[in-house]
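Topology and contacts: notes
Residue strings, one per chain:
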Amino acid sequence: MTIQEVSERYQIPMEILKEYESWGMDGAAGKAVGAWQYDDTDLERLGLILSLRDMGFESPEVESYMRLLGQQGTEAQRLRMLNKKRYVLLDNIHAQEKLLEQLDYLRYHIRKQQNAKQKMQTQNKFDKF
């Protein structure tokens, strides 16, 4: 598959594909007629690249991870990279949870005020009788 075909078929932005090509880590098919030909292995690598990007890895981190992936005995290094990103994501989740708790408290407070107001209005209606 050509770069254009991969981009269209899998909805992968061309800039990601071109960056991937610039790393020189394409599969054995390589260049044919002036254009990279993507094989199944390339598509698997692209899936991993997109996942890493979704997890918050920056381009240099993705490239580093992918280079390590191609080398024997780099499991510990890759695991450290993944653990580091995991801790960052967990910190972000905890920060978001705190914000959610604050938001829920404000919602609770407003509802409590609304209920008290409704109760007063209902009480006033009965007092008129």
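Let me sum up the structure you'll find in this document. (Residues numbered from 1 in each chain as written. Predicted model: local features only at pLDDT ≥ 70, side-chain atom pairs only at ≥ 80, totals over all residues. Heavy atoms only, no water.)

What follows covers helix α3 (residues 40-54). Since one α-helical turn is 3.6 residues long, residues separated by three or four positions face the same way. In a regular helix each residue adds 1.5 Å, so 15 residues correspond to 21 Å; α3 covers 21 Å between its end C-alpha atoms and thus fits that length. Among the residues making up α3, those that are buried are D42, L43, L46, I49 and L52. The N-capping residue of α3, defined by a side-chain oxygen 3.1 Å from the backbone nitrogen of T41, is D39. (Helix = DSSP H or I, 4+ residues; strand = E, 2+ residues; numbered from the N terminus. Expected span 1.5 Å × (residues − 1). Buried < 20%, exposed > 50% of the residue type's maximum accessible area, 1.4 Å probe, protein only. Polar contact = N/O pair within 3.5 Å; in protein donor to acceptor, adjacent residues only side chain to side chain.)

Evaluation of the coordinates by the stated rule reveals six salt bridges. As a salt-bridge pair, E61 and K85 come within 3.5 Å of each other at their nearest N and O atoms. With a gap of 24 residues between them, E61 in helix α4 (residues 59-69) and K85 in helix α5 (residues 75-128) connect regions that are remote in the sequence. The partly exposed category is assigned to E61, whose relative accessible area is 26%. The shortest N-O distance in the salt bridge between R107 and D104 comes to 3.1 Å. Pair noted here: R107 and D104 are both in helix α5, with a separation of three residues, about one helical turn. When its relative accessible area of 38% is taken as the criterion, R107 is described as partly exposed. A relative accessible area of 35% means that D104 is categorised as partly exposed. (Salt bridge = Lys/Arg side-chain N within 4 Å of Asp/Glu carboxyl O.)

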